[in-house]
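# Descriptive analysis of the structure
Residues per chain, in single letters:
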Amino acid sequence: MHKPLRIAAVAAACAVAGAALYGAGAATAGQSTADSTHEPYNIGLLAKDIDTYYGTAPDADGVYQASPSSPYAQDLARMDKAARKYIDEAARKAVRKYRRPAVVFDIDDTLLLSLDYEKRYNYTYNSASWAAYVNKADRPAVFGSPELVRYAEKKGVEVFYNSGLSEAQRSAAVENLKKVGADVNLDAGHVFLKNAAAPPSYLSACATPGAWTCTTVQYKSGTRKHIEDDLGYDIVADFGDQYSDLDGGYADRTYKLPNPTYFVS
């Protein structure tokens, strides 16, 4: 996953910590950069706000965890409740109209929480340290997300994953998803990852072997288009922690999960 705007976007996301609304199509307050005529929000204070929002605390092993009673967890619970109701309704409508409903989930900070990495590296990004962290395959679940995956499956909705992780990280991602209980459709036909060496033909407009120029929106919306147009599914809901996970169409409804720690354009 490429996170080029991590520190700059932390300041831009200050209003997220504790106050923003998340849900289907909801725009988050405070996502634009600060007015250049005013002093931006102090990063040190923002880091404290983020800790409060997540209820961040180290566990017995020294791993930073979010609190299940935190504002973050409460925001997720509200979104989860609304998403379950919608998935249930969408599944019943699909049966009546002979459609094949599907949901799409991002992975990083949508299903697997990266808070410990963010906290330890002070909300900065390094490709080597990030790869090592992902390959440990030991991230905790984002509250409620694995249960939502299983709920969709129970309702007869096909589950797909659309992640910015690289193809080289597939085994670690699958292992970690199994650990947290999101053990649904983890085969290569349902888990879409970035493969710069051998990109799929449906991304040929921006990716050829060894030459990947796709933006996040191009990659993710192009994958959703493939799921709908080529595989024959109707994506009733798309879940992600970044707006770039959701933009570009090919989903009936989008759900933006809270993430004030980094921004992916």
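Before reading on, note that the structure itself is shown above.
As a starting point, this report considers the structure included with it. Bear in mind that the values here come from a model prediction, so they are computed numbers and not experimental data.

Criteria and thresholds
- Residues numbered from 1 in each chain as written.
- Predicted model: local features only at pLDDT ≥ 70, side-chain atom pairs only at ≥ 80, totals over all residues.
- Heavy atoms only, no water.
- Helix = DSSP H or I, 4+ residues; strand = E, 2+ residues; numbered from the N terminus.
- Buried < 20%, exposed > 50% of the residue type's maximum accessible area, 1.4 Å probe, protein only.
- Contact = heavy atoms within 4.5 Å.
- Pairing = 2+ DSSP bridges.
- Right-handed = clockwise from strand over helix to strand, strands pointing away.
- Axes fitted to C-alpha atoms, helices over the stretch in contact; angles between N-to-C directions.

### Quick notes on the side chain of N162
Tracing the backbone shows N162 in strand 4 (residues 158–166). Take N162: its relative accessible area is 2%, and that puts it in the buried class. For N162, the contacting residues outside a window of four places in its chain are V104, F105, D106, F192, Y219, K220, T223 and R224.

### Some words on the pairing of strand 4
Burial of strand 4 is extensive: seven of the nine residues sit out of reach of the surface. Two elements, strand 3 (residues 101–105) and strand 4, share four bridges in a ladder whose sense is parallel. Following the sheet pairing, F105 is matched in strand 4 by Y161. Where strand 4 lies against strand 5 (residues 191–194), three bridges are found, and the strand directions are parallel. Paired with Y161 across the bridge in strand 5 is V191. Crossover handedness for the path strand 4 to helix 8 (residues 170–180) to strand 5: right-handed.

### A short note on unusual backbone geometry
Most peptide bonds adopt trans geometry, and most residues besides glycine take a negative phi value. Despite not being glycine, Y123 shows a phi value in the positive range, around 60°. Its location among the elements puts Y123 in the loop between helix 5 (115–120) and helix 6 (127–135). Despite not being glycine, Y250 shows a phi value in the positive range, around 65°. Secondary-structure assignment places Y250 in the loop between helix 10 (243–246) and strand 9 (254–256).

### Some points on the sheet that holds strand 9
With respect to topology, five strands assemble into an open sheet ordered 5-4-3-8-9, the strand pairing being parallel. The open sheet has two edge strands with one neighbour each: strand 5 and strand 9. Going across the sheet, the axis of each strand differs from the next one's by a mean of 15°, ignoring polarity.

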